[in-house]
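Spelled out from the first residue to the last, the chains are:
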Amino acid sequence: FGYPGLLPVWTYETFLSHVHPEDRERVDRAFQHGVATKTEWDFECRIVRADGVMTWIWAHGNVFTNAAGEPTRTRARSASLTYARSSTVSRLAIL
């Protein structure tokens, strides 16, 4: 996400603030649906890194609940898709 090191606190709001404005509503909907239904979420989106660079990521996560079925925490992972997407665009441009 373009930071020189790990942040002391990373929240969903921090993540969402990096999501490109045109993708933010869709990403938030997918996350909120996962939390509400206690299911996994999976999406691709653009982010604007702390250094101002826009990149594409893939994100996947899930919700953990307590014995009463109430959400207690989430876990997510992400991976950069920028190289894969730029390669696809380059191949299409050649065709």
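How each quantity is defined
Residues numbered from 1 in each chain as written. Predicted model: local features only at pLDDT ≥ 70, side-chain atom pairs only at ≥ 80, totals over all residues. Heavy atoms only, no water. Helix = DSSP H or I, 4+ residues; strand = E, 2+ residues; numbered from the N terminus. Buried < 20%, exposed > 50% of the residue type's maximum accessible area, 1.4 Å probe, protein only. Polar contact = N/O pair within 3.5 Å; in protein donor to acceptor, adjacent residues only side chain to side chain. Contact = heavy atoms within 4.5 Å.

## Side note on unusual backbone geometry
- Its identity is not glycine, yet Lys38 carries a phi of approximately 55 degrees, on the positive side.
- Secondary-structure assignment places Lys38 in the loop between α2 (21-37) and β1 (41-48).
- A residue is classified by how much of its surface remains accessible, and Lys38, at 42% relative accessible area, is partly exposed.

## Some points on the side chain of His18
- Tracing the backbone shows His18 in helix α1 (residues 12-18).
- The class of His18 is buried, set by a relative accessible area of 6%.
- Side chain to side chain, His18 and Tyr3 meet in a polar contact 2.8 Å long.
- In this view, His18 contacts Phe1, Tyr3, Trp10, Arg46, Ile47, Val48, Arg49 and Ala50; residues no more than four positions away in its chain are not counted.

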